[in-house]
There are 2 protein chains.
Amino acid sequence: MPGSTLSGPPASGTGGGMTPRTAVPKLVIIMVGLPARGKSYIVRKLCRYLNWLQYETRVFNVGERRRLAGRITELDGDHDKAGASRLGRTLFSSSAAFFDPTDPSLVSVRDDIALETLDELLDWLSSRENSSIGILDATNSTRERRERVLSRIRRSTCTCTSTGILFLESCCFDRDILDQNFRLKLQGPDYRTQDPDRGLEDFRQRVAFYEKSYVPLGEAEEQERIPYLQVIDVGRKINTHLIQGFLSSRIVEYMLNFNLSKRQIWIFCGGESTDDSVGRIGRPSDLTEAGRHYAASLVRFIHEQREQWEANRERKMCWVQNNHEPAEFAPGGGQARSQDPPGTAADRSPHRPLNLCIWTSTMPQTVQTVSGFSDVLFPKSEMKMLDDLNAGDMAGLTFDDIAALHPAVHAARKQHKLLYRWPGLGGECYLDLIERLRPVILELERRKDHLLVVTHRAVVRVLLSYFLDLRRDDLAEMVIPKNWGFLLEPAPYGIEFSAYSYQPVSGTFRLEPEVSRGRFLPGSILQSGSKEVEG
Amino acid sequence: MPGSTLSGPPASGTGGGMTPRTAVPKLVIIMVGLPARGKSYIVRKLCRYLNWLQYETRVFNVGERRRLAGRITELDGDHDKAGASRLGRTLFSSSAAFFDPTDPSLVSVRDDIALETLDELLDWLSSRENSSIGILDATNSTRERRERVLSRIRRSTCTCTSTGILFLESCCFDRDILDQNFRLKLQGPDYRTQDPDRGLEDFRQRVAFYEKSYVPLGEAEEQERIPYLQVIDVGRKINTHLIQGFLSSRIVEYMLNFNLSKRQIWIFCGGESTDDSVGRIGRPSDLTEAGRHYAASLVRFIHEQREQWEANRERKMCWVQNNHEPAEFAPGGGQARSQDPPGTAADRSPHRPLNLCIWTSTMPQTVQTVSGFSDVLFPKSEMKMLDDLNAGDMAGLTFDDIAALHPAVHAARKQHKLLYRWPGLGGECYLDLIERLRPVILELERRKDHLLVVTHRAVVRVLLSYFLDLRRDDLAEMVIPKNWGFLLEPAPYGIEFSAYSYQPVSGTFRLEPEVSRGRFLPGSILQSGSKEVEG
């Protein structure tokens, strides 16, 4: 939460308060690393997480600027003139020749593009009150380039308010991960229109150019007391230096929980409760007959899905061969498993299905929804962190009741759903919920098991907003259709998302292809679902 | 919480539930590092934190076993016999000669002592249902020793249930920290009775012996896929390898927040509220006249204390010269400060007093208690995480009311205060509170500013139990005398603790020397305070 340290928004009393706008902490993250080391993957994910934590974060990608510059040069017709022409064509083609470190004019052009991108970042950071974290996504793989970047930041007028700096390097020594990344690059903007073999050849040449002058973060940065974070082989090793700031600590904490395992994360609301059936909000409540029917259907559905997944396991297991499991010790006991609650972490051997862990809130409507799953086969955890948004004094009322009996509360909440904290003991706003769910997200990211999370509408909203990269306003306004469930599958370029609607008559869940197909559009597609009580 | 992943204890419904006892995750931490690298400091602090998180943790110190073995040999009269005599005297005197790596018989004796200590650890871990983390506190500075330790764990019958392994190395290259650590060693059990110059000479010889054969964690462990955590210069650098387990992740997260700054952490309850004055629990409530008097006194007291601290600043600043601040960038903006909410982090320049930050809950009784502090001079944060233990449906009742109206609730809570969750929406138990306060503790440890935390009795209890290393039963039963405040000052060998009692007539706070003197005794001294409502 901007301006506060680690709390939800300050408010007077326990409820009904609004977040005062205080100054926002500012941080420049400078990426470092050879091409195809997963920098952009890390950047996208980190950006999503930080925005979800409500620190406004933006990525400034030097490659995009280079391609844009190339196109503009081309459109200007400069490619017909001598001198600029070679440059223009080189830019436009993104060919390896452009990355030759022995040609000073090309080095200088590349530096200019990087520094212009940095200027744009610094400008964004200084000119907007709410901007918090700018990420410079580029290789920055030489000492000289990093020196130029640092001195530009030092001289920048934007840093008259204190701005933190963090270098974030991604290194990759694992051949399997590298091969995979190289293949992905050929589908990227520089190569997708080219012949794959020629593209690969050109890209290898580009990487070779970079490798000539590449200096990883280390002694020089340590002598200059520059904070850095080095991620090796997607988290196999993590090295940090002088991490002391609040935002930097949050970032390291997040990066410690990366993994590339293929798995399914299912997110469902609990079945209909007695309170749900009459529109009352926020209380512990038992399932209705309809809710129990839904619960039984969910058990069947998840079992089917799990079988299907196991049947396709070979091609699903991991994007890359993962040689990064800790060694196993002792009969029956594996290192990887041992520190999870016993029985919950998956045995990674090909002969055993991947574990499915079930997380619910502590409220009966979610606990009862998963009661049909075997306690022996499915490790279950009840988490207070997954409890419904606490409605304080309004718990047990319907929204109509609130409008009629507490019109001021109703109006204030309607206007600022994200920041408005329900009045009364324990009352929360959406920002409180984000802070409460932060450890849940970290644990979701750390796990390599399948997960089934059964929780409440407001919590589903906040969890989905993390995975789908929704911003403030979309988050609070997003409508979750009744009895829909969501599947998130980590993939090399982000998250694959599917939505399933419950069919009460047949007791099945149906894939909703319009929602699942392509990218999820914030606030639009899901809003087209059935009319829903707000929450 | 043993058995659960990251939630508070599971319970049926939202309240009145009890924690089911599930199997406890097990982890062996093997310390690595030359003598005087702060291993025992880290171990003590980590052990305190993990026990506070309710993972039963115990340190098994090889040095203690060596000294004990020496004393036994001496008492047996073996020192009169040839052969054993040299060994016995060497053990007893802890002289450097014992650590000669070129004498195979001494290497073997030292290995035996280490492995016996490890056996004791493994036995403790396997034989007790609730034991969770065993820490082997020794140098383990050679590859051979670490191989022997690993193979002993592999062969151990105790690890039939899965047991995780984590190597934790402390390295130190900073001369100032090293000098300080050497000086501290001379006050330790091996040297305190000796002439300091001769002691120092002997200890330097001991370290030199170790350095001959020392191999830091690295390639060998990586090839064998052994998880490790390397801490360099008290957190200036942190290197991790294959950290994937739940407990290991918690440990890394904690170690990332170490710092050695001298500063004051004040913990107070809010002043008397209207509810307090009639014994009602758990609700937001305004201060009474007496409460406002207390609040005004607190402002004066903290101002005085801060002035005194600044006057003594020279000798208080830091135990060691700290060269590990990140570089400063841009006029007016420091790197160290930048990522804290602006204005909250301290300027470390000698010309400016160390900042005092004020954290309260979101409830009026604590917010009003600090309203007399200038908002300009003291950065204030209201944190939902510092709110009172949520009493659910019992909020607003007195303990007598609860006994009379809800005798079953009253009895159940009395019996298992730690695990019993108040019934009703949002109701919590002490374990829930620990989980809620975990990020507060991490932030307390990360900060280098003075802090004034004004919160509620149950929260004070949980925070103090962390700093004072209280165990389960002490925690819930500990009596916090009315209107007392507590000062925690990080020091090289732990935490310096003082208690202050409020004097309503004079509006002052008086140091309570019986409580402050020496170590705090759990459950005894504080219980001798004035009779108090439970909570």
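Quick caveat: nothing in here was measured; it's all calculated off a predicted structure.

Undergrad: Mind showing me how you'd approach the packing of helix α1 (residues 39–52) of chain B against helix α18 (residues 457–467) of chain B here?
TA: In a packed pair of helices, the relevant descriptors are the angle between the two axes and the axis-to-axis distance. All names here are of chain B. Two elements in contact, α1 and α18, have axes separated by 8 Å at closest approach and are oriented at 145°. Every residue of α18 that contacts α1 at Lys 45, Arg 48, Tyr 49 and Trp 52 is listed here: Val 462, Ser 465, Tyr 466 and Phe 467. Taken together, the residues that form the contact of α1 with α18 break down as 5 nonpolar, 1 polar and 2 charged.

Undergrad: Would you take a moment to explain the domain arrangement of chain A for this structure?
TA: The parts lose accessible area when they come together, and the size of an interface is often stated as this lost area. All names here are of chain A. In terms of domain boundaries, chain A breaks down into domain 1 (34–255) and domain 2 (265–324 + 334–387 + 436–528). Counting residues at the interface gives 19 residues for domain 1, matched by 23 residues for domain 2. Of the roughly 2100 Å² buried between domain 1 and domain 2, counting both surfaces, carbon and sulfur atoms make up 57%. When residues of domain 1 are sorted by the area they lose upon contact with domain 2, Arg 48, Trp 52 and Gln 54 head the list and together hold 35% of the total. In this structure, Arg 438 engages Glu 253 in a salt bridge whose closest nitrogen and oxygen atoms are separated by 2.5 Å. Where domain 1 touches domain 2, the interface holds 6 residue pairs in polar contact (both at pLDDT 80 or more). Secondary structure elements with two or more residues in the side of domain 1 that touches domain 2: α1 (39–52), α6 (175–186) and α9 (246–255). Looking at the side of domain 1 that touches domain 2, the element that brings in the most residues is α1, giving 7 residues. Across the side of domain 1 that touches domain 2, the residue classes tally to 7 nonpolar, 3 polar and 9 charged.

Undergrad: Looking at this structure, I do not really get the pattern of salt bridges. What am I missing?
TA: Residue and element names in this part refer to chain A. For the structure shown, the criterion picks out 60 salt bridges over all chains. The salt bridge partner of Glu 56 is Arg 128, with a shortest N-O separation of 2.3 Å. Within this pair, whereas Glu 56 is found in strand β2 (residues 56–61), its partner Arg 128 is found in the loop between α4 (104–127) and β3 (131–137), the two being separated by 72 residues in sequence. The partner of Glu 147 in a salt bridge is Arg 143, with the nearest N and O atoms 3.1 Å apart. Placement of the pair is Glu 147 and Arg 143 together in helix α5 (residues 143–155), with a separation of 4 residues, close to one helical turn. A relative accessible area of 28% places Glu 147 in the partly exposed class.

Undergrad: So what exactly am I meant to see when it comes to unusual backbone geometry here?
TA: Most peptide bonds take the trans configuration, and most residues that are not glycine carry a negative phi. Backbone geometry places A:Leu242, a non-glycine residue, at a positive phi of 55°. Position of A:Leu242 relative to the elements: it lies in the loop between β6 (237–241) and α9. Residue classification places A:Leu242 among the buried positions, given a relative accessible area of 2%. Phi is positive for B:Asp233, close to 50°, though the residue is something other than glycine. With respect to the helices and strands, B:Asp233 occurs in the loop between β5 (228–232) and β6 (237–241). A relative accessible area of 3% means that B:Asp233 is categorised as buried.

Undergrad: Hey, could you run me through the nonpolar core in this one?
TA: Most often, soluble globular proteins have nonpolar side chains that are buried together. Counting 168 residues, the largest nonpolar core has A:Ile29, A:Ile251, A:Trp422, B:Ile29, B:Ile251, B:Trp422 and B:Leu444 as the members making the most contacts within it. Leave out the neighbours within four places in its chain, and B:Leu444 touches B:Arg263, B:Ile265, B:Trp359, B:Leu451, B:Val453, B:Leu463 and B:Phe467. Counting residues in each nonpolar core, the second largest holds 33 residues, with A:Ile113, A:Leu150, A:Cys171 and A:Ile226 among its members.

Undergrad: What exactly am I supposed to notice about the packing of aromatic side chains here?
TA: All names here are of chain A. According to the stated counting rule, one finds 51 aromatic pairs over all chains in the structure shown. Taking the centre distance of 5.2 Å and the plane angle of 80° together, the rings of Phe 98 and Phe 99 count as edge-to-face. Considered together, Phe 98 and Phe 99 belong to a single accessibility category, that of buried residues. Seen in terms of ring centroids, Phe 99 and Tyr 210 are 5.6 Å apart; in terms of plane orientation they differ by 40°. Their pairing is tilted. Placement of Phe 99 in the loop between α3 (84–93) and α4 and of Tyr 210 in helix α7 (residues 196–213) is noted, with a sequence separation of 111 residues between them. Its end group placed over the ring of Phe 258, Lys 45 keeps NZ or CZ at 4.6 Å from the ring centre.

Undergrad: Can you help me understand the sheet that holds strand β8 (residues 356–360) of chain A in this one?
TA: Note: strands within a sheet are paired through backbone hydrogen bonds, in either parallel or antiparallel orientation. Residues and elements named next belong to chain A. The strand order β9-β8-β10-β7-β11-β12-β13 describes an open sheet built from 7 strands, whose pairing is mixed. Single-partner strands in this sheet number two, and they are β9 (380–382) and β13 (508–511). Geometrically, the sheet is characterised by an average inter-axis angle of 20° between neighbouring strands, direction not taken into account. Where strand β12 (residues 494–503) and β13 come together, 4 bridges link them in antiparallel fashion. The residue of β13 that forms the bridge with Tyr 500 is Leu 511. The strands touched by helix α11 (residues 289–311) within the sheet are β7 (265–269), β8, β10 (450–455), β11 (484–491), β12 and β13, with β7 carrying the most contacts at an inclination of about 170°. Relative to β7, helix α18 (residues 457–467) is tilted by about 150°, and along the sheet it contacts β7, β10, β11 and β12.

Undergrad: Any chance you could explain the sheet that holds strand β1 (residues 26–32) of chain A here in plain terms?
TA: Taken in spatial order, the 12 strands make up an open sheet running β2(A)-β3(A)-β1(A)-β4(A)-β5(A)-β6(A)-β6(B)-β5(B)-β4(B)-β1(B)-β3(B)-β2(B), and their pairing is mixed. In the strand order of this sheet, the two ends are held by β2 of chain A together with β2 (56–61) of chain B, each with one partner. Mean inter-strand twist for the sheet, computed between neighbouring axes without regard to direction, equals 15°. In this sheet, β6(B) lies alongside β6(A) in antiparallel orientation, the contact comprising 5 bridges. In the strand pairing of β6(B), A:Thr240 is matched with B:Ile238.

So, how was this worked out
- Throughout, a residue's number is its position along its own chain's written sequence, starting from 1.
- Working convention: letters from A go to chains and numbers from 1 go to ligands, in the order in which they are written.
- The predicted origin of the model limits local features to residues at a pLDDT of at least 70 and limits the giving and counting of side-chain atom pairs to 80 or more, whereas totals for whole chains, interfaces and linings rest on all residues.
- Side-chain numbers here rest on the full set of heavy atoms in the structure, without hydrogens or water.
- Inter-axis angles, ranging from 0 to 180 degrees, are taken between N-to-C directions of lines fitted to C-alpha atoms, where helices are fitted over the stretch in contact.
- Helix and strand definitions follow DSSP, with helices as H or I runs of at least four residues and strands as E runs of at least two, each counted in order from the N terminus.
- The contact definition used throughout considers only heavy atoms, calling two residues in contact when any of these lie within 4.5 Å.
- For this classification, the nonpolar set comprises Ala, Val, Leu, Ile, Met, Phe, Trp, Tyr, Cys and Pro, the charged set comprises Asp, Glu, Lys and Arg, and every other residue, Gly included, is treated as polar.
- For the domain bounds, the source is a domain assignment made automatically or taken from a database.
- Here the quantity called buried area is the accessible surface, traced with a 1.4 Å probe, that two parts lose on coming together, added over both.
- By definition, a salt bridge exists where a carboxyl oxygen of Asp or Glu is found within 4 Å of a side-chain nitrogen of Lys or Arg.
- N or O atoms closer than or at 3.5 Å make up a polar contact, with two conditions inside protein: a donor-capable atom paired with an acceptor-capable one, and, for residues adjacent in sequence, both atoms drawn from side chains.
- Throughout, exposure labels follow a simple rule: accessible area from a 1.4 Å probe, protein chains only, divided by the maximum for the residue type, with under 20% read as buried, over 50% as exposed, and the rest as partly exposed.
- Here, nonpolar core refers to any group of buried Ala, Val, Leu, Ile, Met, Phe, Trp, Tyr and Cys residues whose side-chain atoms link them within 4.5 Å.
- Pairing of aromatic rings covers Phe, Tyr and Trp, the last through its six-membered ring, and needs centres within 6.5 Å; plane angles under 30 degrees mean stacked, over 60 mean edge-to-face, and all others mean tilted.
- Note on geometry: a ring has a charge over it if NZ (lysine) or CZ (arginine) is within 6 Å of the ring centre and within 35 degrees of the ring normal.
- Any two strands with at least two DSSP bridges between them are considered paired.

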